[in-house]
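Letter by letter, the chains look like this.
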Amino acid sequence: MHIVIPIIVGVVCLVLGALFGFHYRKSVAEKEITSAEDEAKRIINESIKAAESKKREALVEAKEEILKSRNELEAESKERRSALQKQEHRLQQKEENLDRKLEAIEKKEEHLRKTQSSLDTQRAEVEKLKASQLEELERISGLTREEARDFLISQLERDVTHESAMKLRELEARFKEESDAMARELISLAIQRCAADHVAEATVSVVPLPNDEMKGRIIGREGRNIRALETLTGVDLIIDDTPEAITVSCFDPVRREIARLALEKLIQDGRIHPARIEEMVEKAKREVDATIKAAGERAVFETNIRGLNPELIKLLGRQHYRTSYGQNVLNHSIEVSHLAGLLAAEIGADVAAAKRAGLLHDLGKAIDHEVEGSHVQIGVELARKYHESEEIVHAIEAHHNDVEPRTVVACLVQAADAISAARPGARRENLESYIKRLEKLEEVTSSFDGVEKTYAIQAGREVRIIVKPESVNEDQMVLLAREIAQKIENEVSYPGQIKVHVIRETRAIEYAK
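Residues numbered from 1 in each chain as written. Predicted model: local features only at pLDDT ≥ 70, side-chain atom pairs only at ≥ 80, totals over all residues. Heavy atoms only, no water.

1. Brief notes about helix 7 (residues 310–318)
As a reminder, the rule being used: Note on classification: 1.4 Å probe, protein chains only; a residue is buried when its accessible area is under 20% of the maximum for its type, exposed when over 50%, partly exposed between these limits. Numbering of helices and strands starts at the N terminus; helices are DSSP runs of H or I of at least 4 residues and strands are runs of E of at least 2. Contacts are residue-level and defined by heavy atoms, with any inter-residue pair within 4.5 Å sufficient. Throughout this description, a polar contact denotes any pair of N or O atoms lying within 3.5 Å of each other; where both atoms belong to protein, one of them has to be capable of donating a hydrogen while the other can accept it, and for residues adjacent in sequence the pair is counted only when both atoms sit in side chains.
Among all positions of helix 7, only Leu312, Ile313, Leu315, Leu316 and Gly317 are buried. Of the surrounding secondary structure, the elements contacted by the buried residues of helix 7 are helix 6 (274–303), helix 8 (329–347), helix 9 (351–360) and helix 10 (375–385). Two or three places before glutamate 311, at the start of helix 7, stands the capping residue asparagine 309, its side-chain oxygen 2.9 Å from that residue's backbone nitrogen.

As structure tokens, then:
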């Protein structure tokens, strides 16, 4: 019991203390709330006062800015008004100037109208006067206007033809005198310094026999020996009534030479049978190959050309057995090389290139019977194959005008080739091609108007044209000769040059009774 009382007293004290503390904190909180409300009111009042102050400052600044903008706008508008006034003044001046110019133009137009009217009147008078004068001229001359015009045109045409012919004749005479003199000098020097002999070769070789009995041994039993020899060499052996001789015929000179050598060896040996024939043919082939190589080396040595491919030397040697119109091709090539070198030395061109191109210009003829194509095309391909320069290749390609010559060396090779081929006795043509060329020459020259007769003379080196005197006058003869020469150059193939000789003969015939 004694314990309960103190506990109760303690609980009561705790309750009373708690109530007292609660009332105390409440009073304190109310005081703080009141103080906070007063502070908030003070802050709000200060903010309102500051906002009003800021508002007043902003209004003042806005008024000042508006005033400043107004002043700037007024100044700018004043400047624009001033500029507009000046522009209006200038436009007014321009309008005044335009008015004055329009007034002047109107005056000029009026003056031009009056002048035009006066000119029209004068023109009409001139036309009337001209018509009357023409009528008077037609009456005096007895010619109409068209007839007079035709007469004047024909007279002018005759005068122009005469003047052009005289000028052409004068220019041709001058250039011919200068060029002929120089060309004769150069060519004569070249030919004098390179005088080569020519021997015309044929397509047959004759092998002498010790006696006619040898013909039977060469034929052999049932012709086996002659068949073996013809088969191995590709030639045709002609055994006829010619005493102590056999003819070897073949278009290929190399095969013909092999057969000739083999036949001579067989005749000298005396043992003639197929096996021996085969052995001698092989031996003859080796000898011909050696001769070909030696001939090529001789050509290179004679022309003093260096750095030539060994295969090209062999091809040059094959030309030793090749002929063209009866002229030995290797000798012709050597001569062309010398002539081209001499001509190059005379005019100051590249002597080495000219000699090299001259020696190789007919290179294709070494194998043109084995390969398709012209000897020019074959020669160009061979030169390129063995790395010759483009200058040499072009000279080979242009030496027969397959292409237009573009270098001095090509022109020199053309000239040297023509000199070598055109020399009397250098070449011979068969009768058929010779006659065809002459017929073609006369046909070309007879195709022109006013030509009465044509005659090809001096082996085709000159053509004489007789013209009709009533169709061709003296001035037209000069032009006609030039036109005929140009047509011959374009349509006829020939070595050297052809002289075109135009003849006009006027005859007057009368009979005495």
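2. Here's the deal with the side chain of asparagine 225
Turning to its location among the elements, asparagine 225 is positioned in helix 4 (residues 224–233). Overall, the relative accessible area of 4% leaves asparagine 225 in the buried class. Residues in contact with asparagine 225, not counting those within four places in the same chain, are Arg217, Ile218, Ile219, Gly220, Ile272, His273, Pro274 and Ile277.

3. Some details on the nonpolar core
The criterion, for reference: Here, the term nonpolar core denotes a set of buried Ala, Val, Leu, Ile, Met, Phe, Trp, Tyr and Cys residues that are joined through side-chain atoms within 4.5 Å.
In terms of nonpolar packing, the biggest core is built from 31 residues, with Leu308, Leu315, Leu316, Leu360, Leu363 and Leu382 touching the most fellow members. The set of elements that each furnish at least two residues to this core consists of helix 6, helix 7, helix 8, helix 9, helix 10, helix 11 (390–398) and helix 12 (408–422). Of all the elements, helix 11 adds the most residues to this core, at 5 residues. The contact partners of leucine 316, leaving out residues within four places of it in the chain, are Gly296, Val300, Leu308, Leu330, Leu359, Leu360 and Leu363. Counting 28 residues, the second largest nonpolar core, distinct from the first, contains Met214, Leu261, Leu266 and Ala284.

4. Details of unusual backbone geometry
Within the chain, asparagine 304 stands out as a residue other than glycine whose phi angle is a positive 60 degrees. By the secondary structure assignment, asparagine 304 is in the loop between helix 6 and helix 7. Here asparagine 304 falls in the exposed class, since its relative accessible area comes to 52%. Even without being glycine, asparagine 401 reaches a positive phi, approximately 65 degrees. With respect to the element layout, asparagine 401 can be found in the loop between helix 11 and helix 12. Its relative accessible area of 52% is what places asparagine 401 among the exposed residues.

5. Some words on the sheet that holds strand 8 (residues 499–504)
Paired through backbone hydrogen bonds, the strands of a sheet run either parallel or antiparallel to each other. In plain terms, the rule: Whether two strands pair depends on DSSP finding at least two bridges between them. All axes here are fitted lines through C-alpha atoms, helices being fitted over the stretch that makes contact, and every angle between N-to-C directions spans 0 to 180 degrees.
Strand order in the open sheet formed by 3 strands is 6-7-8, with mixed pairing between adjacent strands. Lying at the two open borders of the sheet, with one neighbouring strand each, are strand 6 (451–457) and strand 8. Going from strand to strand, the sheet's axes swing by 20 degrees on average, the running direction of each strand aside. Contacts from helix 14 (residues 474–491) reach strand 6, strand 7 (462–467) and strand 8 within the one sheet, and its direction differs from that of strand 8 by about 150 degrees.

6. Description of the confidence of the model for the protein
Quick note on the threshold: On a range of 0 to 100, pLDDT expresses the predictor's confidence in each residue.
On average, residues of the protein score 81 in pLDDT, and 88% of them are at 70 or above. The low-confidence segment residues 195–201 (pLDDT under 50) makes 15 contacts with residues lying over four places distant or belonging to another chain.

7. A short note on the packing of helix 5 (residues 253–269) against helix 6
Definition in use: What sets the label is the angle itself: under 35 degrees gives roughly parallel, over 145 gives roughly antiparallel, 65 to 115 gives roughly perpendicular, and the rest give oblique. Crossing handedness: left-handed means the near helix sits turned counterclockwise from the far one by under a right angle, and right-handed means the same turn made clockwise. In the scheme used here, Gly and all other residues not listed as nonpolar or charged are polar, with Ala, Val, Leu, Ile, Met, Phe, Trp, Tyr, Cys and Pro taken as nonpolar and Asp, Glu, Lys and Arg as charged.
As a packed pair, helix 5 and helix 6 sit with axes 8 Å apart at the nearest point and diverge in direction by 130 degrees. When the axis of helix 5 is compared with that of helix 6, the two are oblique. Note on packing geometry: the crossing formed by helix 5 with helix 6 is right-handed. Contacts between helix 5 and helix 6 involve Val254, Glu257, Ile258, Leu261, Ala262, Lys265, Leu266 and Asp269 from the first element and Arg276, Ile277, Met280, Val281, Lys283, Ala284, Lys285, Glu287 and Val288 from the second. Taken together, the residues of the contact of helix 5 with helix 6 sort by class into 10 nonpolar, no polar and 7 charged.

8. Quick word on the packing of helix 8 against helix 9
Between helix 8 and helix 9, the shortest axis-to-axis distance is 7 Å and the interhelical angle comes to 160 degrees. Comparing the axis directions of helix 8 and helix 9 gives the class roughly antiparallel. For the pair helix 8 and helix 9, the sense of crossing is right-handed. Of the residues in helix 9, those in contact with Ser333, Ile334, Val336, Ser337, His338, Ala340, Gly341, Ala344 and Ala345 of helix 8 are Val351, Ala354, Lys355, Gly358 and Leu359.

9. Re a nonpolar patch on the surface
What counts, and what does not: Only residues whose relative accessible area exceeds 30% and that take part in no salt bridge are eligible for patches, with like-charged residues grouped when within 9 Å of each other and nonpolar side chains (Val, Leu, Ile, Met, Phe, Trp, Tyr) grouped when within 5 Å. The Shrake-Rupley method, run with a 1.4 Å probe, gives the accessible areas here. Residue values count only the displayed protein chains as cover. Salt bridge, as used here: a side-chain nitrogen of Lys or Arg that lies within 4 Å of a carboxyl oxygen of Asp or Glu.
Taken together, the side chains of Ile7, Ile8, Val11, Val12, Val15, Leu16 and Leu19 present a nonpolar region at the surface, about 620 Å² in accessible area. Along the polypeptide, leucine 16 turns up in helix 1 (residues 4–141).

10. Observations concerning the packing of aromatic side chains
In plain terms, the rule: The pairing test for Phe, Tyr and Trp rings, Trp by its six-membered ring, is centres within 6.5 Å, and the orientation test on the planes gives stacked under 30 degrees, edge-to-face over 60, and tilted for anything in between. Charge-over-ring contacts are defined here by two conditions on Lys NZ or Arg CZ: a distance within 6 Å of the ring centre and an angle within 35 degrees of the ring normal.
On inspection of all chains with the given rule, the structure shows 0 aromatic pairs. The ring centre of phenylalanine 448 lies 5.2 Å from the NZ or CZ of lysine 487, which sits over that ring.

11. Let's talk about the pattern of salt bridges
Counting across every chain of the model gives 16 salt bridges. With a closest N to O distance of 3.1 Å, arginine 276 and aspartate 269 form a salt bridge. Given the relative accessible area of 12%, arginine 276 is considered buried. Among the charged side chains, a salt-bridge network with shared partners connects Asp269, Arg271, Arg276 and Glu279.

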